[in-house]
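Residue-level structure breakdown
So you can see what is in the structure, the chains are spelled out below.
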Amino acid sequence: GENVEQHPSTLSVQEGDSAVIKCTYSDSASNYFPWYKQELGKRPQLIIDIRSNVGEKKDQRIAVTLNKTAKHFSLHITETQPEDSAVYFCAASVGGTSYGKLTFGQGTILTVHP
Amino acid sequence: SAVISQKPSRDICQRGTSLTIQCQVDSQVTMMFWYRQQPGQSLTLIATANQGSEATYESGFVIDKFPISRPNLTFSTLTVSNMSPEDSSIYLCSVEDSGGGYTFGSGTRLTVV
């Protein structure tokens, strides 16, 4: 089955810096790659996703890049703010007519220092 | 995106007992997913529940321990049976949105004592 590796496990940055989290996946059939933000005690919230027919997607300060050949994708957060502090999870999904189940990475604890 | 109501939000249970978690969705969905998130860990899929058929369980999870019901397209339950302290986790349901993403319920924080 699918295996998703996520790095780093913890990331500490100063406010205003950029943060990058990287994930690799094993199943070349995976075609959907979401990123979730989970604050303490809360549910995971989708922040951005990308499908295999595009290489990059941006939404304000957040961007995701996908390299299908190398089977890796990355989350980029620019101009980080203290409220960006949370656990971030990448995931991958193999789909047919729908996208199917998600396999999650191990998570990255992001801390943004004021 | 879909709105999911999950309950209970938390419970403390005695070992050997069972707890049933409910998820109600505000729209009809084909598949519902049940995940476990152990303390400080990532999310692991327990099973996928389709209406009208038996749930499909992932490796390491069995129906006797985690029976699932899916009586209609908006509702599902997960039961954690014969609980032990190792079952202490957050349990979350999830559905696929019409746009192709996935939304999660608010989670059930289970503590087994």
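Since we're looking at a predicted model, the values are computed, not measured.

Residues and elements named next belong to chain B. Taken in spatial order, the four strands line up as β1-β3-β8-β7 in an open sheet, and their pairing is antiparallel. The sheet is open, and its two edges are formed by β1 (4-7) and β7 (68-72), each paired on a single side. Within this sheet the neighbouring strands show an average axis-to-axis angle of 15°, counted without direction. Two strands pair when backbone bridges link them, and β7 and strand β8 (residues 75-80) are joined in this way by three bridges, in the antiparallel orientation. Considered in β8, the bridge of I68 is made with L78.

What follows is about the packing of aromatic side chains. Summed over all chains, the structure comprises 14 aromatic pairs over all chains. Here the aromatic rings of Y32 of chain A and Y102 of chain B are separated by 6.1 Å at their centres, their planes lie at 45°, and the arrangement is tilted. Note that Y32 of chain A is positioned in strand β4 (residues 32-38) and Y102 of chain B in strand β10 (residues 102-104), a pairing that runs across two chains. By the burial criterion, Y32 of chain A is buried, and Y102 of chain B matches it. Ring geometry for Y36 of chain A versus F104 of chain A: centroids 5.8 Å apart, planes at 50°, classification tilted. Taken together, the residues Y36 of chain A in strand β4 and F104 of chain A in strand β10 (residues 102-104) connect sequence positions 68 residues apart. Judged by relative accessible area, F104 of chain A falls into the buried class, the value being 8%. Ring pairs connect the aromatic residues Y36, F89 and F104 of chain A together with Y35 and F104 of chain B, which therefore count as one cluster.

Hydrogen bonds between backbone groups are what pair the strands of a sheet, and the pairing can be parallel or antiparallel. Residues and elements named next belong to chain A. Taking strand neighbours across the sheet as the criterion, the five strands line up as β1-β3-β8-β7-β6 in an open arrangement whose pairing is antiparallel. If you trace the sheet from one side to the other, it starts and ends with β1 (4-7) and β6 (56-59), each paired once. On average, adjacent strands in this sheet sit at an angle of 15° to one another, irrespective of strand direction.

Residues and elements named next belong to chain B. Checked against the element boundaries, I21 lands in strand β3 (residues 19-25). On a C-alpha basis, the gap between I21 and L43 in space is 17 Å, while along the polypeptide they are 22 residues apart. If sequence neighbours within four positions are ignored, I21 has contacts with Q6, K7, P8, W34, S76, T77, L78, Y91 and T108.

Residues and elements named next belong to chain A. The tally for this structure, following the rule as stated, stands at six salt bridges over all chains. The salt bridge involving D49 is made with R51; its shortest N-O contact spans 3.9 Å. With respect to burial, D49 and R51 carry one shared label: buried. Between D84 and R61 there is a salt bridge, and its shortest N-O distance comes to 2.9 Å. One end of the pair, D84, is in the loop between β8 (72-77) and β9 (86-93); the other, R61, is in the loop between β6 and β7 (62-67), and 23 residues separate them in sequence. Among the residues examined, D84 registers a relative accessible area of 7% and is labelled buried. By relative accessible area, R61 is classed as partly exposed at 22%.

Note: interface size is frequently given as the accessible area lost on complex formation between the parts. Taken together, the 17 residues of chain A in the interface contact 20 residues of chain B. Both sides together, the interface formed by chain A and chain B hides about 1,500 Å², and carbon and sulfur atoms give 53% of it. At the junction of chain A with chain B, the criterion picks out one salt bridge. Between K101 of chain A and E58 of chain B there is a salt bridge; the shortest N-O distance is 2.9 Å. Along the contact surface separating chain A from chain B lie six residue pairs in polar contact (both at pLDDT 80 or more). Secondary structure elements with two or more residues in the side of chain A that touches chain B: β4, β9 and β10 of chain A. In terms of residue count, the dominant contributor to the side of chain A that touches chain B is β4 of chain A (three residues). Class assignment of the residues belonging to the side of chain A that touches chain B gives a composition of seven nonpolar, seven polar and three charged.

Reading the values: the criteria
- For every chain, the first residue of the written sequence is number 1, and numbering continues from 1 along that sequence.
- Written order determines the labels here, with chains lettered from A and ligands numbered from 1.
- Under the rules for a predicted model, residues below a pLDDT of 70 receive no local features and side-chain atom pairs below 80 are neither given nor counted, while totals for whole chains, interfaces and linings still include all residues.
- Each side-chain value is derived from all of the structure's non-hydrogen atoms; neither hydrogens nor water enter the calculation.
- Here the rule is simple: two strands pair whenever DSSP picks up at least two bridges between them.
- Every helix listed is a DSSP run of H or I at least four residues long, and every strand listed is a run of E at least two residues long, numbered separately from the N terminus.
- The angle between two axes is taken between their N-to-C directions and runs from 0 to 180 degrees, where each axis is a line fitted to C-alpha atoms and a helix contributes only its stretch in contact.
- Aromatic pairing here means that ring centres of Phe, Tyr or Trp (its six-membered ring) are within 6.5 Å. Orientation follows from the plane angle: under 30 degrees is stacked, over 60 is edge-to-face, and everything else is tilted.
- Per-residue accessibility, obtained with a 1.4 Å probe over protein chains only, is compared with the maximum for each type, and a residue is labelled buried under 20%, exposed over 50%, and partly exposed between these values.
- Should any heavy atoms of two residues lie within 4.5 Å, those residues are considered in contact.
- Basic side-chain nitrogens of Lys or Arg form a salt bridge, by our definition, when they fall within 4 Å of a carboxyl oxygen of Asp or Glu.
- What gets called buried area is simply the loss in accessible area from a 1.4 Å probe that two parts show on being joined, summed for both.
- Pairs of N or O atoms within 3.5 Å make up the polar contacts considered here, provided that, within protein, one atom can donate a hydrogen while the other can accept it, and that residues adjacent in sequence are counted only when both atoms are side-chain atoms.
- Under the scheme applied here, ten amino acids are nonpolar (Ala, Val, Leu, Ile, Met, Phe, Trp, Tyr, Cys and Pro), four are charged (Asp, Glu, Lys and Arg), and all others, including Gly, are polar.

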